[in-house]
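Structural description and commentary
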Amino acid sequence: MSAPPLTRGLLGTGDPSLAAHLAAHGPLTAVPDLAGVAADLTGRGGAGFPAARKLRAVAEAARAAGTTAVVVGNGGEGEPAAAKDATLLSRSPHLVLDGLQLAAGYLGAGTVVLAAGSAALPGLDRALAERGDRGRVRLVALPDRFLAGEESALVAAVDGGPALPRTKVPPVRERGVGGRPTLVQNVETLARLALLARGDAAAGHTLVTRHTAGPHGRVVDVAEVPLHARLGDVLPLHGGTQAVLVGGYHGSWLPTAVAAEVALDRAGLASVGAALGAGVLAALPGDRCGVRETASVVGYLAEQSAGQCGPCLNGLPRIAAALELLARPGPPRRGLLEDVQRWSGLVVGRGACSHPDGSVRFVASALRVFAPELSAHAAGWCTAAPSSAPFLPVPGGTR
Ligand SMILES: Cc1cc2nc3c(=O)[nH]c(=O)nc-3n(C[C@H](O)[C@H](O)[C@H](O)COP(=O)(O)O)c2cc1C
Ligand code: SF4
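Residues numbered from 1 in each chain as written. Chains lettered and ligands numbered in written order. Predicted model: local features only at pLDDT ≥ 70, side-chain atom pairs only at ≥ 80, totals over all residues. Heavy atoms only, no water.

**Examining the site of ligand 2**
What counts here: When we say a residue is near a molecule or strand, we mean one of its heavy atoms is within 4 Å of it. Residues are grouped as follows: Ala, Val, Leu, Ile, Met, Phe, Trp, Tyr, Cys and Pro are nonpolar; Asp, Glu, Lys and Arg are charged; every other residue, Gly included, is polar.
All residues adjacent to ligand 2 are Leu147, Pro165, Ser305, Gly307, Gln308, Cys309, Cys312, Gly351, Ala352, Cys353, His355 and Pro356. Among the residues making up the shell around ligand 2, the classes are represented as 7 nonpolar, 5 polar and no charged.

Set out below in structure tokens:
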């Protein structure tokens, strides 16, 4: 079977200069109806929300409030397994800035912000200087935390406070930065908007961060792939791959055989209970323990919440502690698996943000896919090689 071509439309040649950008894409021209142009574009920050609908909703909220809107590019990428947005910002900053410019023009926005990790800011500042936009776009440094890119946390950070989520009501599209209607759009979404405005068909493609096993450990790269591609053609899956993580740490584990055949699009992934999320694909090698990997990630997710709401204060730490026990081979812990399932059910829909829901979705998929490993642990052994290094990255952990 021949693999679909991996285009480099969004990632460019590696030269982030304005000259290289203009040579590759040509100048940006005015777009009379940006929402119309974005009709088929879905957000690439995790939830897959339709971009046109959000553009129109923010425009409407600003009109209703009789004020000007704010546009914020979200380059936070707090997901530790993701590298697509950081790669995009370093290789193609002008595409992201074009997208911001288009959105700001459509909304008549008074304030334009690009928020990203501090490592990205010098390159972005250079890009702004090249196009004479210093002072027109404000750069904001985000802390390197899982929740910092959640849109209400991002708004709080832009307003000068701690990057913590707040309640969903009122939504930031109505009351965001400085209390004004705010468009928060992932940087890949913005870059795709810039391609669409130029009539570039590759704008329907998507960026994914791939984790595979190499002879010297985990190999991480970012690729641009066509939507609808077969996952097995995009992510190298060797005979030993025991499961595939799709979407990231709010995503889902899939059995390798299921993952290999699934189409990389909303409908295809939904049919197997998954979503593209933060654009992460990870092929877990055969010598790693999926339960141990999951326990380690859930420990990190529990620690990342600021404990503002019940599910994060009580639920996630308990689930993380139980998974730690389940990850250790030993005598069966009677009722513990059922406890994890029960506690998971109790946290869903109860947080101010969707962090608990995303975390227990990841847990539920692990309990399904790694059921044989859980049974092995209960019988006192583990299928992972004793010395194998953990696979998924967890900041502040041992990996
Ligand atoms: C816990 C959590 C973390 C998030 N982190 C990010 C992030 O790092 N970057 C991002 O673009 N969106 C992130 N999001 C999604 C944003 O809240 C928001 O939906 C997104 O930036 C909107 O952009 P889009 O419509 O272009 O996808 C996160 C959401 C949640 C619940
Ligand atoms: S649900 Fe959790 S992560 Fe979200 S705001 Fe509440 S405490 Fe914070």
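Next comes the rest of the write-up.
**So, unusual backbone geometry**
To be explicit about the condition: Secondary structure follows DSSP: runs of H or I at least 4 residues long count as helices, runs of E at least 2 residues long count as strands, and numbering of each begins at the N terminus.
Looking along the chain, the bond that leaves Val169 and enters Pro170 is cis, with omega of -5°. With respect to the secondary-structure elements, Pro170 resides in the loop between helix 7 (151–158) and strand 4 (182–186). A positive phi is found at Glu77, a non-glycine position, where the angle reads about 40°. Its identity as a non-glycine residue notwithstanding, His228 has a phi of 80°, on the positive side.

**Brief notes about the pairing of strand 7 (residues 243–246)**
Going by this rule: Under the scheme applied here, a residue whose accessible area is under 20% of the maximum for its type counts as buried, over 50% as exposed, and between as partly exposed, the area being computed with a 1.4 Å probe on protein chains only. DSSP-based pairing: two strands are paired if at least 2 bridges between them are found.
Residue alternation in strand 7 divides its side chains into two sets, Ala243 and Leu245 and Val244 and Val246, and both sets are buried. When strand 7 meets strand 8 (residues 252–255), the two strands line up antiparallel, connected through 4 bridges. When the bridges of strand 8 are listed, Leu245 appears paired with Trp253. Between strand 7 and strand 8, which follow one another and run antiparallel, lie 5 residues, and Gly247 among them has a positive phi close to 105°.

**Some details on the packing of aromatic side chains**
Put simply, the rule reads: Here a Phe, Tyr or Trp ring, Trp counted by its six-membered ring, pairs with any other such ring whose centre lies within 6.5 Å, and the pair is stacked when the planes are under 30 degrees apart, edge-to-face when over 60, and tilted otherwise.
As enumerated under the stated definition, the model contains 4 aromatic pairs in all. Centroid distance Phe146 to Tyr300: 6.2 Å. Interplanar angle 85°. Geometry classified as edge-to-face. Of this pair, Phe146 sits in the loop between strand 3 (138–142) and helix 7 while Tyr300 sits in helix 12 (residues 290–304); the two residues are 154 residues apart in sequence, bridging distant segments of the chain. Put simply, the rings of Tyr249, Trp253, Phe362 and Phe370 pair up and form one aromatic cluster.

**Thoughts on the pairing of strand 5 (residues 206–214)**
With respect to burial, strand 5 is a largely interior element, 7 of its 9 residues being buried. Two strands pair when backbone bridges link them, and strand 5 and strand 6 (residues 217–225) are joined in this way by 9 bridges, in the antiparallel orientation. Residue pairing for strand 6: Arg210 is matched across the bridge by Asp221. Hairpin geometry of strand 5 and strand 6 is characterised by an intervening segment of 2 residues between the two adjacent antiparallel strands.

**Quick notes on the site of ligand 1**
Rules: Distance and chemistry together define a polar contact, namely a pair of N or O atoms within 3.5 Å, with one atom able to donate a hydrogen and the other to accept it when in protein, and with adjacent residues in sequence counting only for side-chain atoms on both sides. Only the protein chains shown count as cover for residues, and the accessible areas themselves come from Shrake-Rupley with a 1.4 Å probe.
Of all residues adjacent to ligand 1, which total 19 residues, the nearest are Gly45, Lys54, Glu151, Asn186 and Thr189. Contact between ligand 1 and Glu151: an oxygen atom at 2.9 Å from a main-chain N or O atom of the residue. Here ligand 1 loses 89% of its free accessible area of 620 Å² to cover by the protein chains. For the shell around ligand 1, the element with the highest residue contribution is strand 4, accounting for 3 residues. Looking at the shell around ligand 1 residue by residue, the class counts come to 3 nonpolar, 11 polar and 5 charged.

**Observations regarding the sheet that holds strand 7**
Under the convention used in this document: Every axis corresponds to a line fitted to the C-alpha atoms, with the helix fit spanning only the stretch in contact, and the corresponding angles, defined between N-to-C directions, vary from 0 to 180 degrees.
Taken in spatial order, the 5 strands line up as 6-5-9-7-8 in an open sheet, and their pairing is mixed. Sheet topology places strand 6 and strand 8 at the edges, where each strand pairs with a single neighbour. Taking each pair of neighbouring strands and ignoring which way they run, the sheet shows an average axis angle of 20°.

**Digging into the UniProt feature "domain: NADH-ubiquinone oxidoreductase 51kDa subunit FMN-binding" (unreviewed entry) in the chain**
Under the convention used in this document: UniProt positions are given in the numbering used here, feature names are shortened, and annotations may be inferred rather than shown by experiment.
UniProt marks residues 39–193 with the feature "domain: NADH-ubiquinone oxidoreductase 51kDa subunit FMN-binding" (unreviewed entry), using the numbering shown here. Secondary structure across residues 39–193 comprises 41% helix and 15% strand; the distance between its end C-alpha atoms is 10 Å.

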